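Architecture and fold: a report
Given next are the chains, with one letter for each unit.
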Amino acid sequence: MAVRGAEETVVVVVEDDPNIARLVDMYLRRDGYRVYKAADGATGLDRIKQYRPKLVILDIGLPGDMDGMQLCRELRATSDIPIIMLTARDSEVDRIVGLELGADDYVTKPFSPGELVARIRAVLRRVDAGARAVLSPILESGEVEVDTARREVRLRGGLVPVTAREFDLLQYMVENTGRVLSRRQLLDGVWGWDWVGDERTVDVHVFQLRKKLGSALRVTTVRGVGYLLD
Ligand code: CA
């Protein structure tokens, strides 16, 4: 189970099919999300206003006056909250796209809960990355500057040439300053969880960064574990 501590990610699920709602609820809870359900559009809107979720899962076909498309439009009028739509038919996907409702993603029924969870993670990751880049395009670590907008590294103001992977690794370490990062964590975070290869790849890239940035890169090797950036 994912550990999110006190900061649980709230998700509102608007779905009138009780079996699907229950299944989605179960899987999201298992993955550490806090879930609020609604079986029609009006209740969904209430829940969203009340609980201010990080993401909304929205079925298109809903009973009552407000279907999923209308609710999506309503939400988009005032917020950029991430929305994943559930569709019963492939033909509906065309309508979602055609109507430019502004949903972030859509999943066609029947879907596996695992697929939905993966989509949720991907959407939230995109949103978080975007927010981080907007909030603070330049990260600092001592005399080292990591410009995430321009993807440049500067040392005391001077440009330091790094490869794309070295840049990603440095950004990841700076974002996790003060935390001991295992080689596996670094591989997952920088190379991707599905990357298959030798953990020494990490060492090679850290070696290169040390060579280029010298003592300005305050990274220490934690024996038997990985690295720590102070
Ligand atoms: Ca439905």
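Described below are features of the structure shown in this document.

Rules behind the numbers
Residues numbered from 1 in each chain as written. Predicted model: local features only at pLDDT ≥ 70, side-chain atom pairs only at ≥ 80, totals over all residues. Heavy atoms only, no water. Donors = N, O, S within 2.8 Å, 3.2 Å for Na, K, Ca; no water. Helix = DSSP H or I, 4+ residues; strand = E, 2+ residues; numbered from the N terminus. Pairing = 2+ DSSP bridges. Axes fitted to C-alpha atoms, helices over the stretch in contact; angles between N-to-C directions. Core = buried A, V, L, I, M, F, W, Y, C linked by side-chain atoms within 4.5 Å. Buried < 20%, exposed > 50% of the residue type's maximum accessible area, 1.4 Å probe, protein only. Contact = heavy atoms within 4.5 Å. Salt bridge = Lys/Arg side-chain N within 4 Å of Asp/Glu carboxyl O. Phe/Tyr/Trp six-rings, centres within 6.5 Å; stacked < 30°, edge-to-face > 60°. Lys NZ or Arg CZ within 6 Å of the ring centre and 35° of its normal. Arc of directions from axis to C-beta. Polar contact = N/O pair within 3.5 Å; in protein donor to acceptor, adjacent residues only side chain to side chain.

Another point: the coordination of the calcium ion. Protein coordination at the calcium ion comes from Asp16 (OD), Asp59 (OD) and Gly61 (O), with a distance range of 2.1 to 2.4 Å. All donors of the calcium ion come from a single chain, and their spacing in sequence reads D-x42-D-x1-G. Of this pair, Asp16 sits in the loop between β1 (10-14) and α1 (18-30) while Asp59 sits in strand β3 (residues 55-59), and the two are 43 residues apart along the sequence.

Let us look at the sheet that holds strand β10 (residues 180-182). What the 3 strands build is an open sheet, ordered β10-β12-β11; its pairing is antiparallel. Where the open sheet ends on each side, the last strands, each with one partner, are β10 and β11 (219-222). Neighbour-to-neighbour, the strand axes of this sheet turn through a mean angle of 30°, independent of strand direction. Bridge count for β10 against strand β12 (residues 226-229) is 3 bridges, and the pairing is antiparallel. The residue of β12 that forms the bridge with Ser182 is Gly226.

A separate point is the nonpolar core. Nonpolar side chains in soluble globular proteins tend to end up buried together. In terms of nonpolar packing, the biggest core is built from 25 residues, with Val144, Leu169, Leu170, Met173 and Leu213 touching the most fellow members. When residues of this core are traced back to their parent elements, those giving at least two are β7 (144-147), β8 (152-155), α6 (164-175), α7 (183-191), α8 (200-213) and β12. Top element by residues in this core is α6. It accounts for 5 residues. Apart from residues lying up to four places away in sequence, Leu169 is in contact with Leu186, Val190, Trp191, Val202, His205, Val206 and Leu209.

So, on to the pattern of salt bridges. Pairs can form between side chains of opposite charge whenever their charged atoms are close. According to the stated counting rule, one finds 19 salt bridges in the structure shown. Glu152 is paired through a salt bridge with Arg154; the nearest N and O atoms lie 2.9 Å apart. For Glu152, a relative accessible area of 22% gives the class partly exposed. Owing to a relative accessible area of 15%, Arg154 belongs among the buried residues under this scheme. Between Glu166 and Lys212 there is a salt bridge whose closest N-O contact spans 2.7 Å. One end of the pair, Glu166, is in helix α6; the other, Lys212, is in helix α8, with 46 residues separating them in the sequence. Owing to a relative accessible area of 30%, Lys212 belongs among the partly exposed residues under this scheme.

With that settled, the discussion passes to the packing of aromatic side chains. Evaluation of the coordinates by the stated rule reveals 1 aromatic pair. On the numbers, 3.5 Å between centres and 5° between planes, the contact of Tyr36 with Tyr51 is stacked. Taken together, the positions of Tyr36 in strand β2 (residues 34-38) and Tyr51 in helix α2 (residues 41-51) put the pair 15 residues apart, joining distant regions of the chain. Owing to a relative accessible area of 28%, Tyr51 belongs among the partly exposed residues under this scheme. Sitting over the face of the ring of Tyr27, Arg30 holds its NZ or CZ atom 4.8 Å from the ring centroid.

Taken together, the 4 strands give an open sheet; going across it, the order is β6-β7-β8-β9, and neighbouring strands pair in antiparallel fashion. Each having just a single partner strand, β6 (138-141) and β9 (158-160) make up the two edges of the open sheet. Pairwise comparison of adjacent strand axes, ignoring direction, gives a mean angle of 30° for this sheet. In this sheet, β8 lies alongside β7 in antiparallel orientation, the contact comprising 4 bridges. From the neighbouring strand, Glu145 faces β8, where its bridge partner is Arg154.

Okay, the environment of Asp25 next. Within the secondary structure layout, Asp25 lies in helix α1. Residue Asp25 is classed as buried on the basis of its relative accessible area, which comes to 10%. Setting aside its immediate chain neighbours within four residues, Asp25 contacts Val35 and Lys37.

When we look at burial in helix α3 (residues 68-78), the residues that qualify are Gly68, Met69, Leu71, Cys72 and Leu75. In an axial view of α3, the angular spread of the buried residues amounts to 160°, which keeps them on one side of the axis. With respect to the buried face of α3, the exposed residues turned more than 90 degrees away are Ala77 and Thr78. One side-chain oxygen at the N-terminal end of α3 lies 3.1 Å from the backbone nitrogen of Met69; it belongs to Asp67.

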